[in-house]
Amino acid sequence: MRAEFPDFRLGNVLATSFTGTLSERHGHAVERIPVPHRLVDWLAVNGLAVDSCTPAQLDLARELRESIHAAATAAALQDALPASAVHVINDRSAQGRAAAILTPEGGRRWRLSSASCVEDALSVIAADAISVIAGERDGRLALCASPTCRAAFFDTSQSRTRKWCDMNTCGNRQKKARFHANQRKNSRTAK
């Protein structure tokens, strides 16, 4: 990975991990795929290696990312899904030529078309989003409790009460803020 970019926030669900390529949406936004080769890097890390990416393909990817985020947010809030987001997700899903392949170890990986193009990888991400938003998986869509993040994530915890998109970032940041607030409060009352 190239060091000049922020780390990827990886998760177990492809679609919500993809929306995490733009984080802190309600604070100082952090774009993790600012250039085409960075999208190539993210796809490779997630088992969807492509040969290259054009600026136009990066625009398609960002449009899909924002559509997934909008639809997942609406689903988490039990609101109506935005028609424009549904349209983009469905279009991206239908336009790819990817196939699920069973590995000898019993896992699944994706085989993209012989050209290994970005559109094929985006179709896999869109299909994953459809599966999650349609409620086909055991879990629930939720929104990060961090007021600056509000990322959609897929909660598979036993109680389905997870609060943070990522405990190592948003969760720890909130814990540290509470700790420092308590320290300041205790130091004022000790005077």
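Everything in this summary refers to the structure shown in the same document. No experiment lies behind these values; they were computed from the predicted model shown.

Okay, helix 2 (residues 36–45) next. Here helix 2 lies mainly inside the structure; seven of its ten residues are buried. Within helix 2, burial applies to Pro-36, Arg-38, Leu-39, Val-40, Asp-41, Trp-42 and Leu-43. Among the structural elements, helix 1 (14–19), helix 3 (55–76) and helix 5 (118–133) are those in contact with the buried residues of helix 2. Phi turns positive, to about 75 degrees, at Gly-47, one or two residues after helix 2.

Okay, the pattern of salt bridges next. Applying the stated criterion to the full structure yields nine salt bridges. Close ionic contact of Arg-65 with Glu-31 constitutes a salt bridge, the shortest N to O distance being 2.8 Å. Of this pair, Arg-65 sits in helix 3 while Glu-31 sits in strand 2 (residues 30–31), and the two are 34 residues apart along the sequence. By relative accessible area, Glu-31 is classed as partly exposed at 23%. A salt bridge links Glu-63 to Arg-92, with the shortest nitrogen-to-oxygen separation between them at 3.1 Å. Within this pair, whereas Glu-63 is found in helix 3, its partner Arg-92 is found in helix 4 (residues 83–95), the two being separated by 29 residues in sequence. Assessed through its relative accessible area of 37%, Glu-63 is described here as partly exposed. Linked by salt bridges that have partners in common, Arg-25, Glu-31, Arg-62, Arg-65 and Glu-66 make up one network.

Time to look at helix 4. Helix length check: helix 4 (13 residues) gives 18 Å between terminal C-alpha atoms against 18 Å at 1.5 Å per residue, within 8%. Looking only at helix 4, the buried set comprises Ala-85, Val-88, Ile-89 and Arg-92. Down the axis of helix 4, the smallest arc covering the buried residues is 95 degrees, so these residues share one side. Among the exposed residues of helix 4, those oriented more than 90 degrees off its buried face are Ala-83 and Ala-94. Where helix 4 is buried, its residues touch helix 3 and helix 5.

Among the nonpolar cores identified, the biggest contains 35 residues, and Phe-18, Leu-39 and Ile-125 are the most heavily contacted of them. For this core, the secondary structure elements donating two or more residues are helix 1, helix 2, helix 3, helix 4, helix 5, strand 5 (140–143) and strand 6 (152–155). When residues in this core are grouped by element, the largest group, nine residues, is from helix 5. What Phe-18 contacts, discounting residues up to four positions off in sequence, is Ile-33, Leu-39, Trp-42, Ala-61, Leu-64, Arg-65, Ile-68, Leu-122 and Ile-125.

Reading guide: rules and limits
- Residues numbered from 1 in each chain as written.
- Predicted model: local features only at pLDDT ≥ 70, side-chain atom pairs only at ≥ 80, totals over all residues.
- Heavy atoms only, no water.
- Buried < 20%, exposed > 50% of the residue type's maximum accessible area, 1.4 Å probe, protein only.
- Helix = DSSP H or I, 4+ residues; strand = E, 2+ residues; numbered from the N terminus.
- Contact = heavy atoms within 4.5 Å.
- Salt bridge = Lys/Arg side-chain N within 4 Å of Asp/Glu carboxyl O.
- Expected span 1.5 Å × (residues − 1).
- Arc of directions from axis to C-beta.
- Core = buried A, V, L, I, M, F, W, Y, C linked by side-chain atoms within 4.5 Å.

By themselves, these are just geometric observations and shouldn't be taken as functional.
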